[in-house]
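A look at the structure
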Amino acid sequence: MVKEEQFDMDPRYRQAAKEAWIGVGVFLLNIAWWAGFAYGLGMGPPEKYTYIFGFPAWFFWSVIGGFVVFSGVIWLVVRYLYRDMPLDADADQTQPGD
C-alpha cells in the first residue's frame, strides 16, 4: 500500500489565485467598457456620429479612451493589489533583503 503524502498549501497560492481573479475582473470590465461605448455610441447611422480628434466618438471612447483608462487601472491594480513575492521552491527559507 502506498502512503499518501499530505499536500502543504503554500501561502503564495492564495495570493496568486487572488491576483488571477483580479486580472479576470479587470479584463471583463475592459470588455464591458469597450462593448458599451462601441455598441452604445455606434448603433446609429454614420451621418449622426460625433467626432473627437477626427475619430467617431464610439471609436475614441471604446478604443483610445479605454486604453488610457485601463492603462491607469492596471497600474493601480499592480501598485496596490499585487504583491512581489519570491518564486523559488525554498522561498520560505529566503526572504527578500536577506
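In what follows, the accompanying structure is described. Predicted model, so just to flag it, every value in this text is computed and none were measured.

**Let's talk about the overall build of the protein chain**
Helix and strand counts for the protein chain come out as two helices and two strands. Along the protein chain, from the amino end to the carboxyl end, the secondary structure elements read α-β-β-α. For the protein chain, the residues scored as buried account for 18% of the 98 residues in total. Nonlocal contacts in the protein chain, meaning residues at least 24 apart in sequence, comprise 64% of its contacts between residues at least 6 apart. Surface accessibility of the protein chain: about 8300 Å² in total, with carbon and sulfur atoms responsible for 66%.

**Here we look at the packing of aromatic side chains**
On inspection of all chains with the given rule, the structure shows nine aromatic pairs. A network of ring pairs unites the aromatic residues Trp-33, Phe-37, Phe-53, Phe-60, Trp-61 and Phe-70 as a single cluster.

**A short note on helix α2 (residues 57–80)**
Between its first and last C-alpha, α2 extends 32 Å over 24 residues, near the 34 Å set by a 1.5 Å rise per residue. In α2, a bend of some 40° at Gly-66 exceeds every other bend along the element. Three or more residues of α2 are buried, namely Ala-57, Phe-60, Ser-62, Gly-65, Gly-66, Phe-70 and Val-77. Summarising the contacts, the buried residues of α2 are in contact with α1 (11–41), β1 (51–52) and β2 (55–56).

**A look at the side chain of Glu-19**
Tracing the chain through its elements places Glu-19 in helix α1. We note that Glu-19 is buried and unpaired, the nearest opposite charge coming from Arg-83 at a distance of 6.6 Å. Every residue in contact with Glu-19, bar those within four places of it in the chain, is listed here: Tyr-82, Arg-83 and Met-85.

**Quick word on unusual backbone geometry**
Here Phe-53, not a glycine, exhibits a phi torsion of approximately 55°, which is positive. By the secondary structure assignment, Phe-53 is in the loop between β1 and β2. A relative accessible area of 73% means that Phe-53 is categorised as exposed.

**Overview of α1**
Taking 1.5 Å per residue, 31 residues should reach 45 Å; α1 reaches 45 Å between its end C-alpha atoms and fits that length. Of all the residues in α1, the buried ones are Arg-12, Gln-15, Glu-19, Ile-22, Val-26 and Ala-38. Tucked into the core, α1 has its buried residues touching α2.

**A closer look at the pattern of salt bridges**
Where charged atoms from two side chains of opposite charge come close, those side chains can pair. Tallying each qualifying case throughout the model produces one salt bridge. The salt bridge partner of Arg-12 is Asp-10, with a shortest N-O separation of 2.5 Å. Owing to a relative accessible area of 18%, Asp-10 belongs among the buried residues under this scheme.

So, how was this worked out
- Residues numbered from 1 in each chain as written.
- Predicted model: local features only at pLDDT ≥ 70, side-chain atom pairs only at ≥ 80, totals over all residues.
- Heavy atoms only, no water.
- Helix = DSSP H or I, 4+ residues; strand = E, 2+ residues; numbered from the N terminus.
- Buried < 20%, exposed > 50% of the residue type's maximum accessible area, 1.4 Å probe, protein only.
- Contact = heavy atoms within 4.5 Å.
- Areas by Shrake-Rupley, 256 points an atom, 1.4 Å probe, with all protein chains shown as cover.
- Phe/Tyr/Trp six-rings, centres within 6.5 Å; stacked < 30°, edge-to-face > 60°.
- Expected span 1.5 Å × (residues − 1).
- Bend = angle between axes of the 7 residues up to and from the residue.
- Lys, Arg positive; Asp, Glu negative; His and termini not counted.
- Salt bridge = Lys/Arg side-chain N within 4 Å of Asp/Glu carboxyl O.

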